[in-house]
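Close look at the chain arrangement
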Amino acid sequence: MSSRARTIKSTLTMTNLKDKLYQCQEMLHEIHKLSLEPQDSLPDVFVWMLVAGKRIAYFRIPARDILYSDADLKRGRLCGKLKTLTLKLPGKRSQGQSGWQMQAKLTMILWLGLNEERDKFYASLPPDCNPKTSSIPRSLSCASTSQFQLRAHLYQARALIGSDSSGLSDPYATVTFGEFVAQTKVISETLSPTWNQMLIIDDITLPYPAGEWLKTCPPMITIEIYDHDSIASAAGILTKGSPEYLGRAFAYPLVKLCDDPYKPPMFPALLQWWHIQRGQSPSGELLASFELFQKPFDAEEVYKLLLTPRLAPKHRRICSEGLPLTVSKHDVETAMRMEKNAIIPIPGSIRPVFSKHRIEVLFWGMRDLKKLQFTAVTRPKIDVECAGKVISSIPLTDANINPNFSVTVQHTEVDLPEDQTYCPPITIRCVDCRNFGRFVLVGTHTISSLQRYLFKTKASLSKDNLDAIKPAGESDAEVASVSELFKDKPSNGGIPTVLPSGTTQANATGNVAAGFKLLNNTSTAVDTSQSINSGLKNFGMELSRFGPKRSSSRKMRKPIKVKDKELDDIDWSSLDWWSKYYASADKQEKKSNQTGNKETTVRVDDEGVSALITTQTGDQISLNSSGSDEYSHGHTDTDMTSSSANFKYIQTLTIYDKELESVKEFEGFAEWLHTFSLLRGKKTTDEEDDDSRIVGKFKGCLQIYKCPPMLGPKDVNIVGGDPAQGMFAGVPSNDPVKVLVRVYVVLAKELHPADLNGKADPYLVIKLGSKTINDVENYIPKQLNPVFGKCFEQEVTFPMESTLSVQIWDYDRLSKNDLIGETKIDLENRFYSRHRASCGLPSVYHSSGYNIWRDREKPTTILAKRCKASNMGPPHYRLHQAKVTVAGRDFFLKEDLAADLAASYDASHTEENLALNVLKQWHELQPGGCALVPEHVETRSLYNSEKPGIEQGKVQMWVDIFPLDAPALPPTIDISPRKPKGYELRVTIWNTDEVILEEDDFFTGEKSSDIYVKGWLTGPDNSQSTDVHYRSLTGEGNFNWRFVLAFDYLLAEQKIVVTKKDSIFSWDESETKMPAKLTLQVWDADHISADDFLGAFTGDLTRFPRGAKSMEACQLIDSTIPTVNIFKQKRIKGWWPFEQADGTIAGKVEAEIELVTAEDAEQRPVGLGREAPEPLEKPNRPDTAFLWFLNPLKSVQYLFCKRFKGICIKLFIAVALVMLIVLLVYNIPGYAAKRMLGA
């Protein structure tokens, strides 16, 4: 909020003062919403109306609005005040026509507070109202009552709802005050009736006394608008039918007591706009004022002031003590007698002050006319009505052949109010001229506010901005109107929020296109002759030596130096349009990351009226990186580190994150050609926009100005011409013109899924008039962020084929294709716009290369034509000073252009670049200057009519339009998606060391691990593994194993492209883009259970950490370790650490990484693992590296014998001795027997 306030303060100028005031009002409203609790601690109060115990209607009041507090600022706004409640039906019955009618009205005083503070309740009661009990009273009785007279001054209404089949109404108003009702006359067939009628309701008795309390809490007045319907009988006599409800407004009168003098500044009550609601939707506005007189009052005093002609505001300020009474007694008596008449006009002192104005209407043409009464509308004409005057166009000969009018400009003079707040609406009617003199109403359009179409001189514009900040004390009687007394009452509580007189929303918005902050145009000059001799790279170094002299108070900028190494790193021959696109995305992403400014955009409605919309975004676009399964057109900060230096010297374009029409500087391309939607039929829903009622569109414009206008030397009309020759002087011819339209569709993003798998198969359909281009053959399977890179070219004729529709469809093999979304562009407005939207202007002129000039006219030709059209005289070039003079101002090449020019600048194009520099600053030239559209890519939202109001995705594109009468058309720009280049990454795993020993040996109890290394680029599913180094006792592993990882790589996006089928049932392969990151993991192999993960290393190939030269120097990766780009260095060798999840080292690996292209890999192939070609030697592993059940002898040797050698020898000797003893014992008896027997 504080940054927005600083932005408003820093950008405040005399020309945008009203816009800034409107933004401040929005900020105040946001602060008020922040002050409210998200969930109230007290429950809301419900007032129910019961009939026979059944709940019929209710009214809901937030408890905070009636909560009492001793502090005035903390007290509820309705606490202790007289409040009129309008009850409505409960539940769904309150919606639709049944809920439009008011069920009942209750006038109540509500107070909510602590029980101990109930004595404070009596202070809020009206005077002389005594409660019947000593406790909190259930009813009030007043000792005295007063008689009053109500005077309702109903002047006019605007933007009412059409209730007849023709789209019009026959409105009349009823004023209800208590039990009294008065009615105005009926105005036939209009949506903006002017009644100019004073309604008098006499002998009103109020049940509470008059006094100052009544002034602060006046009773509410209800004004209801109805449509009068007549029914024709068989005899042809019209009878009154049932009236149809159009809307309701609530107002409050200005109270005059008996003792109050009827004189300025308090009286009379001035007219103001009251909002009309029907249900939950707005249904128009009512211009009226109301006065409540306590009887008796001096009628002669009142009529003396009422009959006094109303003076201009400057004269009313002089007569602050009272107006001069020039009214005769006879006039007063006549006016008093007229009170008995049925229709009384509003007195002159209340009616607005009128002056002579001229209305000029530009009748351009008709568009998209639908059939009426089953017949095509072929001869339409337009009637423009304002203040009773009608301007009619000449009927078209045949709208199907040429829908433009032959006579374009007509005018008339009308009397309009001096105060723009009171200006009547303008009604545009389309009538079809049919055979036998019949005229059929096609549709109507009502312009409620004329602010957009009022021509203001430069002097009056500055004066209006000064008046906008004038203190209330300096105003006239208008500051004392009812709106000032009750401006804090919101409309949702039954009391409309009324802006002070002269500050309606339309006025507060103001002219959004008024004024631009002047920029410095005295940049450093370029010496062309020396730049040619000094060479390409030295050009940027020598810029600082030349330039115009500046004031000593201004600090000179440092000279821009271009580094030879940075320029040598750029492969200029490989640059294309995508290089420019990604350089622009990189530049704007960095800018959006650094600052987030409050941005003001422009929304153009059907009338072409601009409204301010503010959003908290970056400057132009914020690019977000997508997931691994979706396309990302932007880059993260780390992705761009290696390419930022190269991007710095690549020419850029502007990427808008919204539609080009929404950019504030371009005014929606409706600066002089507006589109008005014609409506027909009855509005039956609460929705604000009803497209089904649109029967066609009228293209044209209106200009309203005082007669005669006080023109100054700097005043220009909306076309940029001389207003003395007419407000539309300089408008081009509206004859049909043949053009070549080129539609460039770059990409789409965030598309709505259309298939069951959460993806879509998008393709493009281009519709331009009756011509359609279907690109279904080139659908992109399973993508929500497809890159199209398509250019569609079509020759069409304006205005018959001027609406471009870009549609994105989902391709289905077995069912009907589905529309994802579409966006529509009015090419005719772009073609004729002063902002030159037909072809954007690049930042620098080049005759070849990736930044080749793509317009059919060179900058010098464009500048010469612009100067001639603006009566500025031809530009004067001074090439030796690199300067051009236009309209008395000198323009130099800017310093920030020096580095760009130094890289790819052709000194022979100095004149073209000087002219281009002026065109980029064309909005600074006054009069007649405006911002010209730069080379750009716009981001347009996609919508589907079956899902109204829900965005279905975005598409990035731009459109070029060239007249076919041009001598030579420029070639198309190739924006085809870049094809990924094949690479092969060869990773040789030599050794590992200090790997974590995960297992304990079963036989020996020693710590060991069965180590192997796994690696991949495109995911674990495509991983490769080394063989296993069994029984590593020291964490050392020897492999001599080669991974061969083939992949496709997009160098510009720094992404690996993986194309594969999602499943065996998939028809098409899906494309996935992911960062080029090499992952190496070390594992412990287990043959019974799952393998154990020990650690991992991940490195981005574009910023790969430089490996350590030795195992001892290898440490954890941090920001201090230098990085290399493997795509440039091609080969790297060293030691890298494996890291655990807790950030500790799990081991180290010695590897060698080599990157070769696919072509080189075919010429010099290598084998996988240790296989040929180029086989690797087997590693020299220790004898202990074996698997025990595959090598039993080794197991006995190394696991048993080696550890228990001494025990085995001793055990063997002991067993031998035991066996010897056993044999000896066994053989002794036999031997003894033989010896004894002599055998």
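Residues numbered from 1 in each chain as written. Predicted model: local features only at pLDDT ≥ 70, side-chain atom pairs only at ≥ 80, totals over all residues. Heavy atoms only, no water.

Some remarks on the overall build of the protein
Within the protein, the secondary structure is distributed over 22 helices and 53 strands. Of all 1239 residues assigned to the protein, the portion counted as buried reaches 51%. Nonlocal contacts in the protein, meaning residues at least 24 apart in sequence, comprise 69% of its contacts between residues at least 6 apart. Of the roughly 60100 Å² of accessible surface on the protein, a fraction of 54% belongs to carbon and sulfur atoms. (Helix = DSSP H or I, 4+ residues; strand = E, 2+ residues; numbered from the N terminus. Buried < 20%, exposed > 50% of the residue type's maximum accessible area, 1.4 Å probe, protein only. Contact = heavy atoms within 4.5 Å. Areas by Shrake-Rupley, 256 points an atom, 1.4 Å probe, with all protein chains shown as cover.)

Some thoughts on the pattern of salt bridges
In total, this model carries 46 salt bridges according to the counting rule given. Residue lysine 295 is joined to aspartate 203 by a salt bridge in which the shortest nitrogen-to-oxygen separation is 3.0 Å. Here lysine 295, found in the loop between β17 (281-294) and α4 (299-306), pairs with aspartate 203, found in strand β10 (residues 194-206); they are 92 residues apart in sequence, far enough to count as distant. Lysine 295 sits in the partly exposed class, given a relative accessible area of 26%. (Salt bridge = Lys/Arg side-chain N within 4 Å of Asp/Glu carboxyl O.)

A look at the sheet that holds strand β35 (residues 876-878)
Sheet strands line up and pair through hydrogen bonds in the backbone, either parallel or antiparallel. Taken in spatial order, the three strands of this open sheet run β35-β36-β37, and their pairing is antiparallel. Here the strands that pair on one side only, and so sit at the sheet edges, are β35 and β37 (889-892). Adjacent strand axes in the sheet meet at a mean angle of 25 degrees when their direction is disregarded. Relative to β37, strand β36 (residues 883-886) runs antiparallel, the two sharing four bridges. When the bridges of β37 are listed, valine 886 appears paired with arginine 889. Contacts from helix α18 (residues 910-920) reach β35, β36 and β37 within the one sheet, and its direction differs from that of β37 by about 120 degrees. (Pairing = 2+ DSSP bridges. Axes fitted to C-alpha atoms, helices over the stretch in contact; angles between N-to-C directions.)

Details of the packing of aromatic side chains
What the rule picks out here adds up to 39 aromatic pairs. When the centroid spacing of 5.4 Å and the interplanar angle of 35 degrees are considered together, the rings of tyrosine 68 and tryptophan 111 count as tilted. Placement of tyrosine 68 in the loop between β2 (54-61) and β3 (82-87) and of tryptophan 111 in the loop between β4 (104-109) and β5 (129-131) is noted, with a sequence separation of 43 residues between them. Summarising the aromatic geometry, the rings of tyrosine 226 and tyrosine 245 are spaced 5.9 Å apart at their centres and angled 65 degrees between planes, so their arrangement reads as edge-to-face. Of this pair, tyrosine 226 sits in strand β11 (residues 221-227) while tyrosine 245 sits in strand β14 (residues 244-251); the two residues are 19 residues apart in sequence, bridging distant segments of the chain. Under the relative-accessibility criterion, tyrosine 226 is labelled buried at 14%. Residue tyrosine 245 is classed as buried on the basis of its relative accessible area of 5%. Of the aromatic side chains, those joined through ring pairs into one cluster are Trp577, Trp578, Tyr581, Tyr582, Tyr744 and Trp958. Above the ring of tryptophan 273, the side-chain terminus of arginine 158 is found at 3.6 Å from the ring centroid. Over the ring of tryptophan 1083 we find lysine 1014, and its NZ or CZ is 4.6 Å from the ring centre. (Phe/Tyr/Trp six-rings, centres within 6.5 Å; stacked < 30°, edge-to-face > 60°. Lys NZ or Arg CZ within 6 Å of the ring centre and 35° of its normal.)

Topic: helix α22 (residues 1205-1237)
Relative to the 48 Å expected for 33 residues at 1.5 Å per residue, α22 spans 48 Å between its end C-alpha atoms, a close match to the ideal helical length. Bending of α22 peaks at approximately 35 degrees at the position of isoleucine 1228, with proline proline 1229 no more than four residues after it. Within α22, only zero of the 33 residues are buried, which leaves it mostly out in the open. (Expected span 1.5 Å × (residues − 1). Bend = angle between axes of the 7 residues up to and from the residue.)

Brief notes about a nonpolar patch on the surface
Nonpolar side chains collect at one region of the surface, where Ile1209, Phe1212, Ile1213, Leu1217 and Leu1220 lie side by side and expose about 530 Å² of accessible area between them. Secondary-structure assignment places isoleucine 1213 in helix α22. (Patch = residues over 30% accessible without salt bridge, like charges linked within 9 Å, V, L, I, M, F, W, Y side chains within 5 Å.)

Focus: the confidence of the model for the protein
The predicted coordinates should not be examined in detail at positions where pLDDT is low. Residue-level pLDDT values for the protein average 79, and 78% of them are 70 or greater. Considering only residues more than four positions removed or in separate chains, one finds that residues 313-325, a stretch of pLDDT under 50, has 18 contacts. (pLDDT = per-residue confidence, 0-100.)

Quick word on the packing of helix α1 (residues 2-10) against helix α2 (residues 17-35)
Interaxial distance between α1 and α2 falls to 11 Å at its minimum, and their mutual angle equals 165 degrees. As the angle between them shows, α1 and α2 are arranged roughly antiparallel. Seen along the crossing, α1 lies across α2 with a hand that is left-handed. Together, Arg4, Ala5 and Ile8 of α1 and Lys20, Gln23, Cys24, Met27 and Glu30 of α2 make up the contact between the two elements. Looking at the contact of α1 with α2 residue by residue, the class counts come to four nonpolar, one polar and three charged. (Parallel < 35°, antiparallel > 145°, perpendicular 65-115°, else oblique. Left-handed = near helix turned anticlockwise from the far one by under 90°. Nonpolar A, V, L, I, M, F, W, Y, C, P; charged D, E, K, R; others polar.)

Focus: unusual backbone geometry
Of note, the bond from proline 264 into proline 265 is cis; its omega dihedral lies within 30 degrees of zero at 5 degrees. Mapped onto the fold, proline 265 is located in the loop between β15 (254-256) and β16 (272-278). For the peptide bond that leads from lysine 295 to proline 296, omega is 5 degrees, which places it in the cis range. Positioned with a positive phi, phenylalanine 436 is a non-glycine residue whose angle comes to about 60 degrees. Positionally, phenylalanine 436 belongs in the loop between β22 (426-433) and β23 (439-447). A positive phi angle, close to 55 degrees, is found at glutamate 994, a residue other than glycine.

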